[in-house]
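Given next are the chains, with one letter for each unit.
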Amino acid sequence: MSKYFKIETNKPAVSYKCGEEMVFTITAKENCRDIECKYIKWQITTDDGKAYDGYGSIGFGKPLVLKTSLSKPGFVRVTCTPLTDENMNIPGFDVLEAGAGAEIEKLSYCDTLPDDFTEYWAAIEKMVAEFDCQPIYFKEITETAKKGFKVYEVHVSTPVGRPATGFITVPDKEGTFPMVVEFRGYSLVGATPMYRDGAIKGCFSAHGIEALNQVESYMKYGGELTDYGFNEKENESNMTTYWRDMMIRNLCAAKYMKTLPQWNKKQFIARGGSQGALQATTVAAHDKDVTFLDILVPWFCNLNAESKGFMAGWRPRFKEGLRYFDTVAQAMFVKCPVNIEARLGDYVCPPSTTVTLYNTFKCQKRLELIQAGTHPYNPPEREIFVRLSDGEKPITEVKKGKYRHFKGNEYEVIDTGFDSENMEEVVIYKALYGDNKIWVRPKHMFLENTWYKGEYVKRFTYIG
């Protein structure tokens, strides 16, 4: 395990009020044990425009303590870089990128929908509905298939030139199954086979290109697709932006997947991370058969946020044509339940934009925010903050009484309490079978949904 920093806040990191002092206590760790770090460059930037930095150190029993506050709803970003005596980064010592938020439930979309947004997407939905999405290439892959699955490479015709290309994995047994369609992050790489026990899984390229590795993709498509989606002239119009054809291919892929005879016609999960989250959310917004949306570090959210003073992420510069593809705009039309995982140190997809996305969904929803996680990085010691809502109001109450676990056993909730180490709220409950053991579980886990036998179900259901 590498060396790393651990950050603690004087109250749960996403529970501050505007104007309230945020105190960050930072220690250095190796294998979960305290170590020293003599030289640290730290920086604080905020969504209300503050930016300051300095140098510090961490000794045994002497943490680095930083303080700030926010004057408006938003987030603070805290960065700590470990340095050698020569002011160089220390190899094998992770940089800390973390943060905290104030009144995040008030974060909202920094734009409005274009007047013709609904008309524009209705035309795309009609185009896909009327187009005969047929496989123009279909081949079983046997050499590398995982045991217990059949794997197929497929190219599906679309009305926009390039086909929808990808892989489909199907359990190699009789029956029908739930379906998961997954989209990947920003890259030129084609799709790869993905597997989920007891489910059909489709993974599709964003570009309609064949299955290629990174080097081959750049050699074949680099001149055409390098920096795709960032062309400002293309992005001025909703008809010329690269994102239009990509989303049409995605919808065609979903339409074709629904024709598979192995699909149970009940569960249809759209899933993706980063750019894939944009794609999955768009499919969920425009395909009424999607039953669950599962997204990770969602990208392309609240694209005009920088104009309102929020810290910038990595994404195309705001242009008129992009307003039709903003993940937050798409969220307004999603009806199925949604799960979001995001990270407080992610400034590819800033937490203010992710929380705005969560706030915009009007369906049943869950948001998990990981402290000190970045776009590609999960910290060795994870502190997780969870928001749950039924679409109308936050879900916070755990009633005392009997509950049935999703696997069938029954339990009785005795009370709720707090973990003294991190002030996380927990549920205390007793098994109503066997030797009646007493259990403790984080409240957000007690309330959440979980994957079981091909669908997302409540972990515990209240039965009185």
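For every chain, the first residue of the written sequence is number 1, and numbering continues from 1 along that sequence. Predicted model: local features are reported for residues with pLDDT of at least 70 only, side-chain atom pairs are reported and counted for 80 or more only, and whole-chain, interface and lining totals are derived from all residues. Only hydrogens and water are set aside when side-chain values are computed; all heavy atoms of the structure are taken into account.

Asks: When you look at the nonpolar core in this model, what are you seeing that I'm missing?
Replies: Across soluble globular proteins, nonpolar side chains show a tendency to be buried alongside one another. In terms of nonpolar packing, the biggest core is built from 111 residues, with Phe5, Ile26, Trp243 and Leu293 touching the most fellow members. Apart from the residues within four sequence positions on either side, Trp243 is in contact with Tyr186, Tyr228, Gly229, Asn235, Gln275, Leu278, Trp299, Phe300, Pro316, Leu322 and Phe325. Among the nonpolar cores identified, the runner-up in size contains nine residues, and Tyr403, Tyr411, Ala431 and Phe460 belong to it. What is meant by a nonpolar core is a set of buried Ala, Val, Leu, Ile, Met, Phe, Trp, Tyr and Cys residues, joined one to another through side-chain atoms within 4.5 Å. When a residue's accessible area, from a 1.4 Å probe over protein chains only, is under 20% of the maximum for its type it is buried; when over 50% it is exposed; and in between it is partly exposed. By definition, residues are in contact when any of their heavy atoms lie within 4.5 Å.

Asks: What is the right way to read helix H3 (residues 242-257) from this model?
Replies: Here H3 contains 16 residues, and its C-alpha end-to-end distance of 23 Å stays within 8% of the 22 Å for a straight helix at 1.5 Å per residue. Think of it this way: any DSSP run of H or I at least four residues long counts as a helix, any run of E at least two long counts as a strand, and we number them from the N terminus. Counting buried residues along H3, 14 of its 16 residues qualify, which places the element largely inside the surrounding structure. What a helix is expected to span follows from its residue count: subtract one and scale by 1.5 Å.

Asks: Explain the packing of H3 against helix H4 (residues 275-286) here, please?
Replies: One can describe the packing of H3 onto H4 by two numbers: an axis separation of 10 Å at closest approach and a directional angle of 60°. In terms of orientation, H3 lies oblique with respect to H4. At the point where H3 passes H4, the crossing takes the right-handed sense. For the pair H3 and H4, contact is made by Trp243, Met246, Met247, Asn250, Leu251 and Ala254 and by Gln275, Leu278, Gln279, Thr282, Val283 and His286, respectively. Counted by class, the contact of H3 with H4 contains seven nonpolar, five polar and no charged residues. Convention adopted: a line fitted to C-alpha atoms gives each axis, helices being fitted over their contacting stretch, and angles between N-to-C directions are expressed from 0 to 180 degrees. Our angle categories are set so that under 35 degrees counts as roughly parallel, over 145 as roughly antiparallel, 65 to 115 as roughly perpendicular, and the remainder as oblique. By definition, any crossing whose near helix is turned counterclockwise from its far helix by less than a right angle is left-handed, and any crossing with a clockwise turn is right-handed. All residues other than Ala, Val, Leu, Ile, Met, Phe, Trp, Tyr, Cys, Pro, Asp, Glu, Lys and Arg, Gly among them, are scored as polar; the first ten of these are nonpolar and the last four charged.

Asks: What exactly am I supposed to notice about the environment of Lys106 here?
Replies: One can find Lys106 in the loop between strand E8 (96-102) and helix H1 (117-130). Residue classification places Lys106 among the exposed positions, given a relative accessible area of 52%. Along the chain, Lys106 and Thr356 lie 250 residues apart, while their C-alpha atoms are 8.4 Å from each other. Residues contacting Lys106, with those up to four places away along its chain left out, are Pro73 and Asn359. In the analysis that follows, any N or O atom pair within 3.5 Å is treated as a polar contact, provided that within protein one partner can donate a hydrogen and the other can accept it, and provided that, for residues neighboring in sequence, both atoms belong to side chains. Side-chain polar atoms of Lys106 contact the side chain of Glu103, separated by 2.7 Å.

Asks: Can you help me understand the pattern of salt bridges in this one?
Replies: When charged atoms on two side chains of opposite charge get close, those side chains can pair. Salt bridge, as used here: a side-chain nitrogen of Lys or Arg that lies within 4 Å of a carboxyl oxygen of Asp or Glu. Counted by the stated rule, this structure contains 29 salt bridges. Salt-bridge contacts for Asp48 lead to Lys50; the nearest nitrogen and oxygen are separated by 2.9 Å. The partly exposed category is assigned to Asp48, whose relative accessible area is 21%. Taking relative accessible area as the criterion, Lys50 reaches 28% and is therefore assigned partly exposed. Of the charged contacts in the structure, one is a salt bridge between Asp289 and Lys258, with a shortest N-O distance of 2.7 Å. Taken as a pair, Asp289 in the loop between H4 and strand E15 (292-296) and Lys258 in the loop between H3 and strand E14 (263-273) lie far apart in primary sequence, 31 residues in all. Linked through salt bridges whose partners overlap, the residues forming this network are Glu182, Lys201, Arg271 and Asp294.

Asks: Help me out: how do you make sense of the sheet that holds strand E20 (residues 410-418) in this one?
Replies: Sheets are built from strands that pair by backbone hydrogen bonding, the pairs being arranged parallel or antiparallel. Here five strands make up an open sheet; going across it, the order is E22-E21-E20-E19-E25 and the pairing antiparallel. In this open sheet, the two strands that pair with only one neighbour each are strand E22 (438-442) and strand E25 (460-462). Within the sheet, the average angular offset between the axes of one strand and its neighbour, ignoring direction, is 40°. Bridge count between strand E19 (residues 401-405) and E20: four bridges; the pairing is antiparallel. Looking across to E20, one finds that Gly401 is bridged to Val413. Strands pair, by our definition, only if DSSP identifies at least two bridges between them.

Asks: What is the right way to look at the packing of H1 against H3 in this model?
Replies: Two numbers describe a pair of packed helices, the interaxial angle and the distance between the axes. Relative to each other, H1 and H3 sit at 45°, their axes nearing to 10 Å. Viewed along their axes, H1 and H3 adopt a mutual orientation that is oblique. Relative to H3, the crossing made by H1 is right-handed. Together, Tyr120, Trp121, Ile124, Met127, Val128, Ala129 and Glu130 of H1 and Arg244, Met247, Ile248, Leu251, Cys252 and Lys255 of H3 make up the contact between the two elements. Counted by class, the contact of H1 with H3 contains ten nonpolar, no polar and three charged residues.

Asks: Which parts of the structure should I look at to understand the sheet that holds strand E4 (residues 37-46)?
Replies: The antiparallel open sheet is built from four strands, whose spatial order is E5-E4-E7-E8. In this open sheet, the two strands that pair with only one neighbour each are strand E5 (51-58) and E8. Shown here is a sheet whose adjacent strand axes are inclined to one another by a mean of 20°, direction ignored. Two strands pair when backbone bridges link them, and strand E7 (residues 74-83) and E8 are joined in this way by seven bridges, in the antiparallel orientation. Following the sheet pairing, Thr79 is matched in E8 by Glu97.

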